[in-house]
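Below are the chains, spelled out letter by letter.
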Amino acid sequence: LTIANDAVDIAMLSATGTADATTFLRGDNAWAATSSPALSHVSQWVLTAELAGDATPITANLAEPSRDGYARIGSAMTVSSGVFTFPVTGIWRIDAQFVIQIISNNSFRFGRGQIDITTDTGSSWDQAANATGSGTDSSSFDECAAQVSITHIFDVTNTSTHQVRFVINQDPDTAYLLGNAGYTHTNFIFSKLGDT
């Protein structure tokens, strides 16, 4: 006995689950949702000009690169007054690299970068990660540099309330957060790892 072409439609299948435009039929006869692809959203933001002193948060000279073949995956992060908003919910990895120039004049100087997160639209901020770079120059040099890299994994369950910002604390007049529009110094990378 041969079944005619197109004689069996979806309604005649005994599969469990719901058949729709977002599911597929697995080998165990069950309809299942497709998973989001790995790294469906990745973007980088850079500091485009040098910043002296402290900033809570860094509010100016933030942009996606517009050079050297840069390309974003997925929708862009948005930023307003230094507060970054995620384009979609999910488990996000936030990488921050602070490049600090220290003018120490034979004294110990420092710069500390941190990642702050909020889950209540900025009513309160939590310091999620921080690290400090420091240095003391020798008598033959008047400056040195420190690089600070930190990471935080953030479960963004609501794009309206869950946001991130970046903070720099430096010895006044003795440390500068380096930024440049022509190449990358201080920068921030946002990667969606999966669904929340």
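As the structure is a prediction and not an experimental result, all values here were calculated from the model. (Residues numbered from 1 in each chain as written. Predicted model: local features only at pLDDT ≥ 70, side-chain atom pairs only at ≥ 80, totals over all residues. Heavy atoms only, no water.)

Student: Help me understand the packing of aromatic side chains in this model?
Tutor: Geometry of an aromatic ring pair is reported as the spacing of the ring centres plus the angle between the planes. Evaluated as defined, the whole model comprises 9 aromatic pairs. Between Trp45 and Phe84, the aromatic rings sit 5.3 Å apart at their centres with planes inclined by 85°, giving edge-to-face as the arrangement. Of the two residues, Trp45 is situated in strand β3 (residues 42-47) and Phe84 in strand β7 (residues 83-85); the sequence distance between them amounts to 39 residues. Overall, the relative accessible area of 8% leaves Trp45 in the buried class. Where Phe84 meets Phe190, the ring centres are 5.2 Å apart and the plane angle is 40°; that geometry is what we call tilted. Pair noted here: Phe84 is in strand β7 and Phe190 is in strand β14 (residues 187-194), with a separation of 106 residues, a long-range link. A single burial state applies to Phe84 and to Phe190, both of which are buried. Put simply, the rings of Trp45, Phe84, Phe86, Trp92, Phe98, Phe154, Phe166, Phe188 and Phe190 pair up and form one aromatic cluster. (Phe/Tyr/Trp six-rings, centres within 6.5 Å; stacked < 30°, edge-to-face > 60°. Helix = DSSP H or I, 4+ residues; strand = E, 2+ residues; numbered from the N terminus. Buried < 20%, exposed > 50% of the residue type's maximum accessible area, 1.4 Å probe, protein only.)

Student: Got a minute to help me understand the pairing of strand β12 (residues 163-170) in this structure?
Tutor: Note on strand geometry: in a regular strand, side chains alternate between the two faces of the sheet. Most of β12 is tucked away: 8 of the 8 residues are buried. Both faces of β12 are covered, namely the face carrying Gln163, Arg165, Val167 and Asn169 and the face carrying Val164, Phe166, Ile168 and Gln170. With 8 bridges joining them, strand β9 (residues 109-118) and β12 adopt antiparallel strand pairing. Within the sheet, the bridge partner assigned to Gly113 lies in β12 and is Ile168. (Pairing = 2+ DSSP bridges.)

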